[in-house]
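Breakdown of the fold
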There are 2 protein chains.
Amino acid sequence: MEQKKQSKQVIRIGLLGFGTVGQGVWKHLQGNDSALERRLGVKLELVRAAVSDLKKKREVRVPASRLTDDPYAVVDDPSIDIVCELIGGTKLARTLTLRALKAGKIVVSANKALICKHGEEIFSAARRAGTHYFFEASVAGGIPIIKTLREGLVANRFSLIYGILNGTSNYILTRMEREGLSFPDILDDARSLGYVEADESLDLDGWDAAHKAVILAYLAHGRWVKLKEMLVEGIRGITQYDIAYARELGCKIKLLAVISRDFSTNCLSVRLHPALISKRELMASVDEVYNGVSLTGDVVGTTLLVGRGAGQDATSSAVISDIADAVYLLKGVPAPFICEEDEDVYAALGAEVELAGPEAIRSAYYLRLRVKDQPGVLARVTDVISREGLSIATMTQHQEAGEGTATLLFTTHQSNEKVVSATLKSLKRLGSVLETPFLLRIFNP
Amino acid sequence: MEQKKQSKQVIRIGLLGFGTVGQGVWKHLQGNDSALERRLGVKLELVRAAVSDLKKKREVRVPASRLTDDPYAVVDDPSIDIVCELIGGTKLARTLTLRALKAGKIVVSANKALICKHGEEIFSAARRAGTHYFFEASVAGGIPIIKTLREGLVANRFSLIYGILNGTSNYILTRMEREGLSFPDILDDARSLGYVEADESLDLDGWDAAHKAVILAYLAHGRWVKLKEMLVEGIRGITQYDIAYARELGCKIKLLAVISRDFSTNCLSVRLHPALISKRELMASVDEVYNGVSLTGDVVGTTLLVGRGAGQDATSSAVISDIADAVYLLKGVPAPFICEEDEDVYAALGAEVELAGPEAIRSAYYLRLRVKDQPGVLARVTDVISREGLSIATMTQHQEAGEGTATLLFTTHQSNEKVVSATLKSLKRLGSVLETPFLLRIFNP
């Protein structure tokens, strides 16, 4: 790296992957080059993009000489200063990333799954090679959340970070809320609009947002949380019953990542689940494909950032801001930020923290039960609930005319996961309960 | 500066001014020192604070030896690396800032009035001395808007930046909206809570927010706009008539800074005025003392940042983030950002821009007229309005029983300042119009 820290007139960039984001980066670097290059004081040269299929038709036209189907022709090219890893996945991406870092290149990435799984190894490889790994685009797309967390709000310790980190599920929930349609109906639409990832579980079961929560938790608290240590629930089970009742309660249902830390006990809790949230919170108005992140710091109070969480352009904006940061590094402009390579900083931070498992979650809850519509059922259900120690706050009953069934909707006062899961088990054993009870948490920031 | 760019174990900080913000910075640097110092990899030493009255009682206790009533004992102390200018005002603050910069110190400031008035001179002094001037705290308090604009969203050109940049006026408008009380009533409360600056005109006539708009416009477009080139209107004239009618229209009234640029003509418009804004916009829900800034970039789309815009803690958070950036500089950590000292960058940006004066504003408008409650008056008023070329969209009339007067509220379709001000003049000449007509713009981002 040292020899690069002189003023440099041309910075050479290689892309791994030339899908939606890769083409967006190319397009915007080309489109904006005069303004951006003037700002950065360098010429940016897009050397080469590695693709899986050379013959594929693409939206962005690139001379054939600048495409290759050999990713090593990017990673091993000694003339390339910055490698943008935009292929996704965690296998080849890991190999190529480690190889590029080892060669002293700066790597820019939007790959949340890779960081979530191999972040520790990657950051350490960057540190050993004396280079840097940037990943602003990995969380919340165009919102500069990582820069805000590490630099803009560096004075703070964060008792709560929460937000909407998956645009697709937010889009589905927003349309369910506005149009009264079912989850499967809206999902079909979202699929046909290309909003759902090929691996649908990433969007629908919460894994994509969970990856992002892991990254934010590490940056704020220095602890790598494993997905299996977290509560992760997606949006598949949500029905119009839930949405309508949430509305009655003055709430909306949002898929929320919650990273909370109690500084008196140093317990850290990281979780991802749909939750009822009061419409009085600005976060409840973050709709459609937008993402929102709320950060509560001990000095600054609460700051909310809202923006496009995905899509070609928003993600390109974040990748390009990382490229700009990388350019400053390469130019040797001394300027501020905390690098993920400061392993000691994060190790020390993380050492203070005790991870609280899902069982430690305390919350008010919402329960939906489908039951036989018979005399005495409601009494039996409420009896079970109160015997298990759960205190009912509100209740409503919908009779399904002609089917002999009813749907019971409850909210409870503050309780905890142990009590609520024991309650669900007992309820399930009742002969009059027809389906596995459905549960949502009520989030009160 | 060069000799400082080695690794350094102790960074020495001096404060100019030890009022609310100065004490906040001191408190949080002390309170957080272990975490922050670990993050920064240095020891931060608070050397000395310059105060105007040594005997004044203060919330934060500091040994007498660390206070001085001679600001030059801070600025001229060769051992001090970073000077935080927190005295406000534009005279002594300018002298001390220029002197500290000339001595090669990094200066951190929250002084929007100073930057607005003398930013060009200060930035150029920093550049000449090879040092830096940081001012995150000058705009929107704890929201890292300057870092976001310059670094996080560096890929973008901004067609629209708008927002709520003055917490005091937002607090007053919010309470007027919620409680139905008059401007003078709420103002009294705000004064007794200490929310209003000593120079009330800064908050109530829009000057404080205008200073901030000038800074954002410079950072985004490289052009220093003079206050006298801008439309600047405060909130003093707003009544419950306006707030209630805005509500009927699905709007709220917010004091908005608007920085818009048309990239086809390169016209830049910077203005500050209260406006009706639809409740569908998240910005309309930024209430109380909160600030909000919305940025629309050509790559990222629209990003919104919301947070505390003022107050000891939020402002301290921003000052400390600047201190952290300064520490990285002093440590010679190469890392990214664009400095205000890159005069060429901004000069080139600014050269592209044509400033559009207030007369170029196009908007829909809201008008309030107090008139004699007599037959034929409404016809005369609407006749004048349409003869001047203004097209009425909605109208409502409130009769003031017993007073023989009525208040007419209009909204118009899209028009421009020339037409609307000619209309106001003609209306004022009508014998049946009792007061100077009141005008608000309707902002539609």
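Worth saying up front: this structure is predicted, and the values here are computed from it rather than measured.

1. As for the overall build of chain A
When helices and strands are tallied, chain A shows 15 helices and 18 strands. Since a compact globule built from 445 residues should have a radius of gyration of about 22 Å, the 24 Å found for chain A is in line with a globular shape. For chain A, the spread of C-alpha atoms along the three principal axes comes to 80 × 50 × 35 Å. By residue count, 60% of the 445 residues in chain A fall in the buried class. As displayed, chain A offers around 16700 Å² of accessible surface, 49% of which is attributable to carbon and sulfur atoms. Of note, chain A has its 55 positive side-chain charges centred 2 Å away from the centre of its 54 negative side-chain charges.

2. A short note on the domain arrangement of chain A
Residues and elements named next belong to chain A. If you check the domain split of chain A, you get domain 1 (2-142 + 312-350), domain 2 (164-307) and domain 3 (361-443). Listed by partner, the interface residues are 15 residues for domain 1 and 17 residues for domain 2. Around 1400 Å² of area is buried between domain 1 and domain 2 when both sides are counted, 74% of it from carbon and sulfur atoms. The interface formed by domain 1 and domain 2 contains 1 salt bridge. Asp 208 serves as the salt-bridge partner of Lys 112, at 3.7 Å between the closest nitrogen and oxygen. Put simply, domain 1 and domain 2 have 0 residue pairs in polar contact (both at pLDDT 80 or more) between them. Of all elements in the fold, only helix H5 (112-129) and helix H13 (343-351) reach the threshold of two or more residues within the side of domain 1 that touches domain 2. If one sorts the elements of the side of domain 1 that touches domain 2 by residue count, H5 sits on top with 7 residues. By residue class, the composition of the side of domain 1 that touches domain 2 is 9 nonpolar, 3 polar and 3 charged.

3. Describing the interface of chain A and chain B
A common way to express how large an interface is: the accessible area buried when the components associate. Facing the 57 residues of chain A at the interface are 57 residues of chain B. Applying the counting criterion to the chain A and chain B interface returns 2 salt bridges. For Glu151(B), the salt bridge identified is with Lys147(A), shortest N-O distance 2.6 Å. At the junction of chain A and chain B, the tally comes to 6 residue pairs in polar contact (both at pLDDT 80 or more). At the level of secondary structure, the elements contributing two or more residues to the side of chain A that touches chain B comprise helix H2 (33-40), helix H6 (145-152), strand E12 (301-308), helix H12 (312-331) and H13 of chain A. Here the side of chain A that touches chain B gets 10 residues from one element, more than from any other, and that element is H12(A).

4. What about the UniProt feature "domain: ACT" (unreviewed entry) in chain A?
On the UniProt side, "domain: ACT" (unreviewed entry) is annotated at positions that read residues 366-441 of chain A here. Split by type, residues 366-441 of chain A is 32% helix and 39% strand. Its first and last C-alpha atoms lie 6 Å apart.

5. Some details on the pairing of strand E14 (residues 362-372) of chain B
Residues and elements named next belong to chain B. The buried fraction of E14 is high, at 8 of 11 residues. Pairing between E14 and strand E18 (residues 438-443): 5 bridges, direction antiparallel. Residue Tyr 365 lies in a different strand from E18, and its bridge partner there is Arg 441. By the bridge criterion, 7 bridges tie E14 to strand E16 (residues 405-412) in an arrangement that is antiparallel.

6. Here's the deal with the pairing of strand E4 (residues 82-85) of chain B
The side chains of a regular strand alternate between the sheet's two faces. Residues and elements named next belong to chain B. Burial along E4 is two-sided: the face carrying Ile 82 and Cys 84 and the face carrying Val 83 and Glu 85 are both buried. As paired elements, strand E1 (residues 10-16) and E4 share 4 bridges and run parallel to each other. Within the sheet, the bridge partner assigned to Gly 14 lies in E4 and is Val 83. Bridging between E4 and strand E5 (residues 106-109) involves 4 bridges; their strand directions are parallel. Its bridge partner being in E5, Val 83 is matched across the sheet by Val 107. Handedness of the crossover joining E4 and E5 through helix H4 (residues 92-102): right-handed.

7. Focus on the relation of the copies chain A and chain B
Each copy superposes on the other: chain A lies on chain B with an RMSD of 0.0 Å after a rotation of 180 degrees and an axial shift of 0.0 Å. Expressed as an axis order, the relation between the two copies is that of a two-fold axis. A shared interface surface links the copies, since 100% of the contact residues of chain A are contact residues in chain B too.

8. Re helix H6 (residues 145-152) of chain B
With 8 of 8 residues buried, H6(B) is to be regarded as a mostly interior element. For H6(B), the set of buried residues is Ile145(B), Ile146(B), Lys147(B), Thr148(B), Leu149(B), Arg150(B), Glu151(B) and Gly152(B).

9. Concerning the side chain of Thr148(B)
In this structure, Thr148(B) sits in helix H6. A distance of 2.7 Å separates a polar side-chain atom of Thr148(B) from the backbone oxygen of Pro144(B).

10. Concerning the environment of Val319(A)
Residue and element names in this part refer to chain A. If you trace the backbone, Val 319 turns up in helix H12. The exposure class assigned to Val 319 is buried, which follows from its relative accessible area of 0%. As a C-alpha pair, Val 319 and Ser 109 span 210 residues in sequence and 7.2 Å in three-dimensional space. Setting aside residues no more than four positions away along its own chain, Val 319 makes contact with Val 21, Val 25, Cys 84, Leu 86, Val 108 and Ala 137.

11. Side note on the packing of aromatic side chains
Under the criterion given, the structure shown has 20 aromatic pairs over all chains. Note on Phe123(A) and Phe135(A): the rings are 5.3 Å apart at their centroids and 25 degrees apart in plane angle, and the pair reads as stacked. Taken together, the positions of Phe123(A) in helix H5 and Phe135(A) in the loop between strand E6 (133-134) and H6 put the pair 12 residues apart, joining distant regions of the chain. For Phe123(A), a relative accessible area of 3% puts it in the buried group. Judged by its relative accessible area of 2%, Phe135(A) is buried. Judged by centre distance (5.5 Å) and plane angle (85 degrees), the ring pair of Phe18(B) and Trp26(B) falls under edge-to-face. Trp26(B) sits in the buried class, given a relative accessible area of 2%. Ring-pair connections join several aromatic residues into one group, and the members of that group are Phe123(A), Tyr133(A), Phe135(A), Tyr218(A) and Trp224(A).

12. As for the sheet that holds strand E6 (residues 133-134) of chain B
Taking strand neighbours across the sheet as the criterion, the 6 strands line up as E3-E2-E1-E4-E5-E6 (chain B) in an open arrangement whose pairing is parallel. Because the sheet does not close on itself, it has two edges, and the strands there are strand E3 (67-68) and E6 of chain B.

13. Considerations on the UniProt feature "binding site: NADPH" (unreviewed entry) in chain A
The residues that UniProt annotates with the feature "binding site: NADPH" (unreviewed entry) are Lys112(A). Here Lys112(A) shows up in helix H5.

14. Things to note about the sheet that holds strand E4 (residues 82-85) of chain A
All names here are of chain A. The 6 strands lie next to each other as E3-E2-E1-E4-E5-E6, forming an open sheet whose pairing is parallel. Strand pairing shows two members of the sheet lacking a second neighbour, strand E3 (67-68) and E6, which therefore form its edges. With 7 bridges joining them, strand E1 (residues 10-16) and strand E2 (residues 43-50) adopt parallel strand pairing. In the sheet register, Val 10 faces E2, and the bridge partner there is Lys 43.

15. With respect to helix H11 (residues 240-248) of chain B
All names here are of chain B. When H11 is considered as a whole, its buried residues turn out to be Asp 242, Ile 243, Tyr 245 and Ala 246. Two or three places before Tyr 241, at the start of H11, stands the capping residue Thr 239, its side-chain oxygen 3.2 Å from that residue's backbone nitrogen. Remark: Gly 250 follows H11 within two positions and exhibits a positive phi of approximately 80 degrees.

Reading the values: rules and limits
Residues numbered from 1 in each chain as written. Chains lettered and ligands numbered in written order. Predicted model: local features only at pLDDT ≥ 70, side-chain atom pairs only at ≥ 80, totals over all residues. Heavy atoms only, no water. Helix = DSSP H or I, 4+ residues; strand = E, 2+ residues; numbered from the N terminus. Rg over C-alpha atoms; globule rule 2.2 N^0.38 Å. Buried < 20%, exposed > 50% of the residue type's maximum accessible area, 1.4 Å probe, protein only. Areas by Shrake-Rupley, 256 points an atom, 1.4 Å probe, with all protein chains shown as cover. Lys, Arg positive; Asp, Glu negative; His and termini not counted. Charge placed at Lys NZ, Arg CZ, Asp CG, Glu CD. Domains from an automatic or database assignment. Contact = heavy atoms within 4.5 Å. Buried area = accessible area lost by both parts, 1.4 Å probe. Salt bridge = Lys/Arg side-chain N within 4 Å of Asp/Glu carboxyl O. Polar contact = N/O pair within 3.5 Å; in protein donor to acceptor, adjacent residues only side chain to side chain. Nonpolar A, V, L, I, M, F, W, Y, C, P; charged D, E, K, R; others polar. UniProt positions renumbered as here; feature names shortened; annotations may be inferred. Pairing = 2+ DSSP bridges. Right-handed = clockwise from strand over helix to strand, strands pointing away. Least-squares fit on C-alpha atoms with pLDDT ≥ 70 in both. Phe/Tyr/Trp six-rings, centres within 6.5 Å; stacked < 30°, edge-to-face > 60°.

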